[in-house]
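Letter by letter, the chains look like this.
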Amino acid sequence: MITFERVTKRYDKRNRPALQDISLDIQPGEFVFLVGASGSGKSTFLRLILREERATTGRVIVSGRDVGRLSRWKVPQLRRGMGAVFQDFRLLQSKTVYQNVAFTLQVLGRKNAQIERAVPEVLDLVGLADKMQRYPHQLSGGEQQRVAIARAFVNRPPLLLADEPTGNLDPATSVGIMKLLDRINRVGTTVLMATHDAAIVDQMRKRVVELDAGQMIRDEARGVYGQDHQP
Amino acid sequence: MKLRFILSETFQGLRRNLTMTFAVIITVAVSLTLFGAGLLVRAQVDSMKDYWYDRVEVSIFLCGASSSVPACSLGAVTPEVRGQIEQELNALRPLVQEIYYESKEEAYQRFLEQFKDSPVTQNVTPDALPESFRVKLSDPTKYEVIAAAFEGRPGVEQVQDQRQLLDRFFRLLNGLQVIALSVAVAMLVVTALLVVNTIRVAAHARRREVGIMRLVGASNFMIRMPFLLEAAVSAAIGGLIAVAAIVAAKVFLIDEVLAPSYQFTAFVSWDQIIVILPIIFFTGIVIAMIAAGLTLRRYLKV
Ligand SMILES: Nc1ncnc2c1ncn2[C@@H]1O[C@H](COP(=O)(O)OP(=O)(O)OP(=O)(O)O)[C@@H](O)[C@H]1O
Ligand SMILES: [Mg+2]
């Protein structure tokens, strides 16, 4: 699904690279946590996959495509194959829940009939079927993140990227979000999630990739958040 | 579906940016109206040239009894000299297309006709008016040939090209046209800059939407089209106003005021106007789209 081949990313010459010589493979259907201190390069890792940034050296390959060498007009095509969720939800405040989710499909030029079928379906999946006509400011943080996940997933991409999706949520709400991501992963979607949240990582027991100052220091199949937590 | 979505985004954008939209519409309307006025003046000059160049002649005035130029030192022209001049004119065919001899009596009749309401006719006798050859040239620009042959020739008092009188007038009109077009070009530049700014503001106002559109993989076409259409719609409305202004100028100014008062000349025709209207209409749209397109390339990178 995703392959990093000796990837280094430098934002500028003076500072140390944000990512340094990273190589790893993520198989389709995996659930991977990306952990590490603030500034360790987690967001950069995700941005390289989204082609919001390009690797300075090395190759990032997603579904067989060398992301860094993709011509500019093929980038939208790449992004249609992945959903992305962020800490700050990034919802459109002037649109209802339904419209926010439908926006993805409209922007991709989908037919009305398809939109009218797919949007309620995915809102049902995230548990917001009864709040379709609300506006984001009428929802709790957890509910807003569910809308963002619905928007990322409505197109049924094979890959879901999440950058600290529980960063703004309380522990109980976070558990709900994780259950949802787990459900999405169980239907075959590859999920890659950057997080600080030790409790969640420890609880889920998924693959953990740890970054430290841009270097990969750990890649464990059924890992926990920090070394010292290990049994 | 795609189209409906793009159109609805476009009109939302226009509504949200109402003041800017109006500013663009007004500058487009004003600059295109000026541009159209410049083209109109040119069309007017063209139609006057067509009309007048067909009618202008070179006049060769012959010496009368009281002429004082050196070529007339022998007094009034004699019938022999007149015959020689006519022969020399005939030798210049085919440049010389028609030769018409106007006697003193005919000149007098024409004078009476031209000034029939004026008391000046009472003091003029046929003898005071010169006899002349009226010469029509196959190529009216070759006046110099005639001037060289007859200027200063004994028996010829003066060679006069009516075309030169007209050209002085046309130069004036051309000057007006240059001014109108220069102002129009300056205004079009202002319009382009305004469109650039409008698009920048619009792109900034919609940066969240645009960010999300990019994130979910919207094509460049989908992202940029609403902005381009916003510019195009404003330009089209401004263009329609300019078109209406030009049509109004033709109907109310040229046809109702100018043409009835100046019947001796031709005025710009509907045929010429029909050519001008699409030019000004599409100039506005093209300029707005180019300005918008260049701005979007800078501000909405993938
Ligand atoms: N656009 C940028 N320009 C320059 N440097 C950047 C840029 N984005 C990130 N960096 C630097 O790259 C390094 C990694 O940043 P990154 O955002 O990937 O970290 P992170 O692990 O996501 O941190 P956090 O947990 O705080 O979100 C940091 O040192 C950061 O200062
Ligand atoms: Mg980050």
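The preceding data block contains the structure.
Residues numbered from 1 in each chain as written. Chains lettered and ligands numbered in written order. Predicted model: local features only at pLDDT ≥ 70, side-chain atom pairs only at ≥ 80, totals over all residues. Heavy atoms only, no water.

Caption draft 1: The arrangement of the overall build of chain A in detail. Broken down by element type, chain A carries 7 helices and 10 strands. For 231 residues, the compact-globule estimate of 2.2 N^0.38 gives 17 Å, and chain A sits close to it at 18 Å. In terms of principal-axis extent, the alpha carbons of chain A reach across some 45 × 45 × 30 Å. In chain A, which comprises 231 residues, the share counted as buried stands at 53%. When contacts within chain A are restricted to residue pairs at least 6 apart in sequence, those whose partners lie at least 24 apart make up 69%. For chain A, the accessible area works out to roughly 10,400 Å², and carbon and sulfur atoms hold 45% of it. When the 35 basic and 25 acidic side-chain charges of chain A are each reduced to a single mean position, those positions are 7 Å apart. (Helix = DSSP H or I, 4+ residues; strand = E, 2+ residues; numbered from the N terminus. Rg over C-alpha atoms; globule rule 2.2 N^0.38 Å. Buried < 20%, exposed > 50% of the residue type's maximum accessible area, 1.4 Å probe, protein only. Contact = heavy atoms within 4.5 Å. Areas by Shrake-Rupley, 256 points an atom, 1.4 Å probe, with all protein chains shown as cover. Lys, Arg positive; Asp, Glu negative; His and termini not counted. Charge placed at Lys NZ, Arg CZ, Asp CG, Glu CD.)

Caption draft 2: Seen up close, the pairing of strand β1 (residues 2-9) of chain A. All names here are of chain A. Counting buried residues along β1, 6 of its 8 residues qualify, which places the element largely inside the surrounding structure. Where β1 and strand β4 (residues 57-62) come together, 5 bridges link them in antiparallel fashion. The partner of I2 across the bridge, within β4, is V62. Relative to strand β2 (residues 19-26), β1 is paired through 5 bridges, and the arrangement is antiparallel. For I2, the partnering residue across the bridge sits in β2 and is I26. (Pairing = 2+ DSSP bridges.)

Caption draft 3: Structural context of the site of ligand 1. All names here are of chain A. In the vicinity of ligand 1, 14 residues are found, and the nearest of them are S38, G39, K42, S43 and T44. Between E164 and ligand 1, the recorded distance is 3.2 Å, taken from a side-chain N or O atom to an oxygen atom. Expressed as a share of its isolated accessible area of 630 Å², the protein-covered part of ligand 1 is 62%. Across the shell around ligand 1, the residue classes tally to 3 nonpolar, 7 polar and 4 charged. (Near = heavy atom within 4 Å. Polar contact = N/O pair within 3.5 Å; in protein donor to acceptor, adjacent residues only side chain to side chain. Nonpolar A, V, L, I, M, F, W, Y, C, P; charged D, E, K, R; others polar.)

Caption draft 4: Looking closely at a nonpolar patch on the surface. Residue and element names in this part refer to chain B. On the surface, a cluster of nonpolar side chains totalling about 370 Å² of accessible area is made up of L18, F22, I26 and V30. As for its position among the elements, I26 is in helix α2 (residues 18-53). By relative accessible area, I26 is classed as exposed at 51%. (Patch = residues over 30% accessible without salt bridge, like charges linked within 9 Å, V, L, I, M, F, W, Y side chains within 5 Å. Salt bridge = Lys/Arg side-chain N within 4 Å of Asp/Glu carboxyl O.)

Caption draft 5: Looking closely at the sheet that holds strand β1 (residues 58-62) of chain B. Residues and elements named next belong to chain B. The strand order across the open sheet built from 4 strands is β2-β3-β1-β4, with neighbouring strands paired in antiparallel fashion. The open sheet is flanked by β2 (96-102) and β4 (156-161), the only strands paired with a single partner. Within the sheet, the average angular offset between the axes of one strand and its neighbour, ignoring direction, is 15°. For β2 and strand β3 (residues 132-137), the ladder comprises 6 bridges, and the chain directions are antiparallel. The residue of β3 that forms the bridge with V96 is L137. On the sheet, helix α5 (residues 143-150) packs against β1, β2, β3 and β4 and is oriented at approximately 170° with respect to β4. (Axes fitted to C-alpha atoms, helices over the stretch in contact; angles between N-to-C directions.)

Caption draft 6: Layout of the packing of aromatic side chains. Residue and element names in this part refer to chain B. Under the definition given, this model contains 5 aromatic pairs over all chains. Relative to F133, the ring of Y101 lies with its centre 5.5 Å away and its plane at 55°, an arrangement referred to as tilted. Remark: F133 occurs in strand β3 and Y101 occurs in strand β2; sequence separation between them is 32 residues. Y101 gets classed as partly exposed once you look at its relative accessible area, which sits at 25%. With relative accessibility at 0%, the residue F133 sits in the buried group. One cation-aromatic arrangement involves R206 over F227; the distance from NZ or CZ to the ring centre is 4.3 Å. (Phe/Tyr/Trp six-rings, centres within 6.5 Å; stacked < 30°, edge-to-face > 60°. Lys NZ or Arg CZ within 6 Å of the ring centre and 35° of its normal.)

Caption draft 7: Region of the structure containing the sheet that holds β1 of chain A. Residue and element names in this part refer to chain A. The strand order across the open sheet built from 4 strands is β2-β1-β4-β5, with neighbouring strands paired in antiparallel fashion. At either margin of the open sheet sits one strand with a lone partner, and together these are β2 and β5 (65-66). Against the sheet, helix α1 (residues 42-50) touches β1, β2 and β4, its axis set at about 120° to β1.

Caption draft 8: Fine view of helix α5 (residues 141-153) of chain A. With 13 residues, α5 of chain A should cover 18 Å at 1.5 Å per step; its first-to-last C-alpha distance of 18 Å lies within 8% of that length. Counting buried positions along α5 of chain A gives 11 out of 13 residues, so the element sits mostly inside the fold. Restricting attention to buried positions, one finds in α5 of chain A the residues G142, E143, Q144, Q145, V147, A148, I149, A150, R151, A152 and F153 of chain A. Where the residues of α5 of chain A are buried, they touch β6 (82-86), α3 (97-107), α4 (112-125), β7 (159-163) and α6 (171-186) of chain A together with α7 (207-215) of chain B. (Expected span 1.5 Å × (residues − 1).)

Caption draft 9: Layout of the pattern of salt bridges. All names here are of chain A. Scanning the entire structure with this criterion turns up 20 salt bridges over all chains. With a closest N to O distance of 3.0 Å, D21 and R6 form a salt bridge. Taken together, the residues span a long stretch of sequence, with D21 in strand β2 and R6 in strand β1 at a distance of 15 residues. A relative accessible area of 39% means that D21 is categorised as partly exposed. Close ionic contact of K206 with D182 constitutes a salt bridge, the shortest N to O distance being 3.5 Å.

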